[in-house]
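Tertiary structure, described
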Amino acid sequence: MNNRTKWFVVSASTCLTVVLLTGMMLGKSTDQATDAYKHLKVFADVVGHIKEEYVEEPDMKAVSLGALNGMLEAVDPYASYLNADQYHEYQKTKDAHRADVGLILSKKFGFLGVLDSIPGSPAAKAGLGYYDIIEGIKGISTRDMSLATAEMLLQGDSGTTVELSVVRARHPDPTSISLVRANVVLPPVESKMLDGHVGYINIDALSASLVKDAAAAVQKLQKDGAQKLIVDVRDCGDGTPEDGIALANLFVKQGKITYLKGQKYPQKNFDADPAKAISTLPLAILTNVGTADAAEILASAVQDNKRGEVIGERTHGDAALRQAIPMDDGGVIILSVAKYYEADGKAIQDVGVKPGTEVKEADVDVEYDDNGLPIAPSADQIEKKKTENDPVVKKAVEVLTAKG
């Protein structure tokens, strides 16, 4: 079966599954349950007709897999299905600290989208960023590919190569990119003083140790005379919700930081611990579309508790508790079983965090090499972006100064 045919069959099965899922989710009464079973029968009938009457014999394994992944993505874009063999491999590799390329991925249009590249990683050096779509990994199409599967394909031994097919916003034709896997190290927390006694902290990724580094940076800036603080978490998409809660508590002395709740998961509140707060200075948090997960919890907690201002662009929207749920075939589905909520009741994963002051980032002039591949910005260019000349930083200084 050619690629076009496969795309049609898998897409059709995916659409039908979404219809089925809608009926099943509505099945909370007898009539609705009956309606859900009707959808199930229709789905089975259509699959039967595809198998028996389609112009050529379809790959029913691909149809089933596409339908499964389509159903999961319709509910949860971060969900994954792994068959028994894949899950066995996943368990072997998930804690092995294998070499990687530094991509933080999400789902876009059924394919894998780049949420961010960890600074200094092979992906970042290749210029891969938020608006790029990974169409293929090692010659395998990422359409309906789970994030867990992609993670396994991208990892490997240090020094080995992985081939990607990438669709870029300004170059719609797929481009082949070869990345050499490396031991990716999270970038350090950076801090400096800006004019007007404004302390500036840049956080590109989060972990328990980086939260401690951020705390040390805050304390040093305050000791050096900072009277206001800017915490820049633009393009910070790596880190767990727990890291975000710990970071938020450095600034939020009282109130609810976030809460966790699911259909079968009782609400769990995360309230600020006054003993862990280390700063009461006027505060601005900078966000953009690449701000995700842990950094979103920081932004929402600061804004909802009126502790400071959130300035920039709406965040990506991803903060959830995910669990591996065993299946009868030996495989698993990795599914969000609870979501983290803003204090005002909005699920971060559903809507992201909308800044109180919205400022669009300046367009970046991307340079390309002779092969049409983007040239990653130099350290000087990155440093220049995050100064007073950066429109988002400039606005943050203005807002903080106006507050006195």
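Residues numbered from 1 in each chain as written. Predicted model: local features only at pLDDT ≥ 70, side-chain atom pairs only at ≥ 80, totals over all residues. Heavy atoms only, no water.

1. Some details on the overall build of the protein chain
- Secondary structure assignment for the protein chain yields twelve helices and 17 strands.
- Taking all 404 residues of the protein chain together, the buried fraction comes to 47%.
- Contacts spanning at least 24 positions in sequence make up 69% of the contacts within the protein chain whose residues lie at least 6 apart.
- Just so you have it, the protein chain exposes about 20200 Å², and 53% of that area is on carbon and sulfur atoms. (Helix = DSSP H or I, 4+ residues; strand = E, 2+ residues; numbered from the N terminus. Buried < 20%, exposed > 50% of the residue type's maximum accessible area, 1.4 Å probe, protein only. Contact = heavy atoms within 4.5 Å. Areas by Shrake-Rupley, 256 points an atom, 1.4 Å probe, with all protein chains shown as cover.)

2. Quick look at the layout of surface pockets
- Approximately 1600 Å³ is the volume attributed to the second largest pocket.
- Looking at the second largest pocket, it is lined by 45 residues, and the ones nearest its centre are Y90, I104, E151, D238 and G239.
- Of all the secondary-structure elements, those providing two or more residues to the lining of the second largest pocket are α4 (84-93), β2 (103-108), α6 (147-154), α8 (241-249), β15 (320-326) and β16 (332-341).
- Residue composition of the lining of the second largest pocket, grouped by class: 24 nonpolar, ten polar and eleven charged. (1 Å grid on protein atoms, 1.4 Å probe; cavity = no way out; pocket = protein on both sides within 12 Å on 5 of 7 lines; lining within 4 Å. Points joined across faces, edges and corners; volume = space filled by probe spheres on them. Nonpolar A, V, L, I, M, F, W, Y, C, P; charged D, E, K, R; others polar.)

3. A word on the pairing of strand β14 (residues 309-312)
- As paired strands, strand β13 (residues 283-287) and β14 are joined by four bridges and run parallel to one another. Bridge pairing links I285 to V310 in β14.
- Between β13 and its parallel partner β14, the chain crosses via helix α9 (residues 294-304), and the hand of that crossover is right-handed.
- The pairing of β14 with strand β17 (residues 357-358) spans two bridges and is parallel. Among the inter-strand pairings, G312 is bridged to a residue of β17, identified as E358. (Pairing = 2+ DSSP bridges. Right-handed = clockwise from strand over helix to strand, strands pointing away.)

4. A short note on the packing of α4 against α6
- The contact between α4 and α6 brings their axes to 11 Å, and the two run at 60°. When the axes of α4 and α6 are compared, the pair comes out oblique. Crossing of α4 against α6: the hand is left-handed. Here Q86, E89, Y90 and T93 of α4 lie close against α6, whose contacting residues are A148, T149, E151 and M152.
- In the contact of α4 with α6, the residues fall into three nonpolar, three polar and two charged. (Axes fitted to C-alpha atoms, helices over the stretch in contact; angles between N-to-C directions. Parallel < 35°, antiparallel > 145°, perpendicular 65-115°, else oblique. Left-handed = near helix turned anticlockwise from the far one by under 90°.)

5. Digging into the confidence of the model for the protein chain
- Taken as a whole, the protein chain shows an average pLDDT of 85; of its residues, 83% reach a score of 70 or greater.
- In this model, residues 1-27 is a region of pLDDT below 50 whose contacts with residues beyond four sequence positions or in other chains number 49 contacts. (pLDDT = per-residue confidence, 0-100.)

6. Here's the deal with unusual backbone geometry
- The residue K138 is not glycine, and still its phi comes out positive at about 55°.
- By secondary structure assignment, the location of K138 is in the loop between β4 (133-137) and β5 (140-141).

7. Side note on helix α12 (residues 391-402)
- With twelve residues, α12 should cover 16 Å at 1.5 Å per step; its first-to-last C-alpha distance of 16 Å lies within 8% of that length.
- For α12, every residue scored as buried is listed here: V392, V393, A396, V397, V399 and L400. End-on view of α12: buried residues confined to an arc of 165°, all on one side of the axis.
- Residues of α12 that are buried sit in contact with β8 (190-194), β9 (198-202), β10 (228-232), β13 and β14.
- The distance from a side-chain oxygen at the start of α12 to the backbone nitrogen of V392 is 2.9 Å, and the residue carrying that oxygen is D390. (Expected span 1.5 Å × (residues − 1). Arc of directions from axis to C-beta. Polar contact = N/O pair within 3.5 Å; in protein donor to acceptor, adjacent residues only side chain to side chain.)

8. With respect to the environment of G159
- By the secondary structure assignment, G159 is in the loop between α6 and β6 (161-168).
- Under the relative-accessibility criterion, G159 is labelled exposed at 51%.
- For the pair G159 and D100, spaced 59 residues apart in sequence, the C-alpha separation works out to 9.7 Å.
- With residues up to four places along the chain from it excluded, the contact list for G159 reads V180 and R181.

9. Things to note about the pattern of salt bridges
- A full pass over the atoms with the stated rule returns eleven salt bridges.
- Measuring nitrogen to oxygen at the nearest pair gives 2.8 Å for the salt bridge that ties D224 to K220.
- In this structure, D390 engages R234 in a salt bridge whose closest nitrogen and oxygen atoms are separated by 2.8 Å. In this pair, D390 sits in the loop between α11 (379-385) and α12 while R234 sits in the loop between β10 and α8, placing the two residues 156 residues apart along the sequence. (Salt bridge = Lys/Arg side-chain N within 4 Å of Asp/Glu carboxyl O.)

10. Considering a negative patch on the surface
- On the surface, E52, E53, E57 and D59 cluster together into a patch of negative charge.
- Since its relative accessible area comes to 58%, E53 is described here as exposed. (Patch = residues over 30% accessible without salt bridge, like charges linked within 9 Å, V, L, I, M, F, W, Y side chains within 5 Å. Lys, Arg positive; Asp, Glu negative; His and termini not counted. Charge placed at Lys NZ, Arg CZ, Asp CG, Glu CD.)

11. Remarks on the sheet that holds β10
- Reading across the sheet, the six strands line up as β8-β9-β10-β13-β14-β17 and stay open at both edges, with mixed pairing between neighbours. For this open sheet the edge positions go to β8 and β17, each flanked by a neighbour on one side alone.
- The strands touched by α12 within the sheet are β8, β9, β10, β13, β14 and β17, with β10 carrying the most contacts at an inclination of about 150°.

12. What to know about empty space enclosed by the protein
- Within this structure, the stated rule accounts for one cavity of 30 Å³ or more.
- Space inside the largest cavity adds up to approximately 40 Å³.
- For the lining of the largest cavity, the element with the most residues is helix α3 (residues 60-75), which contributes three residues.
- Its residues assigned to classes, the lining of the largest cavity comprises four nonpolar, two polar and four charged.

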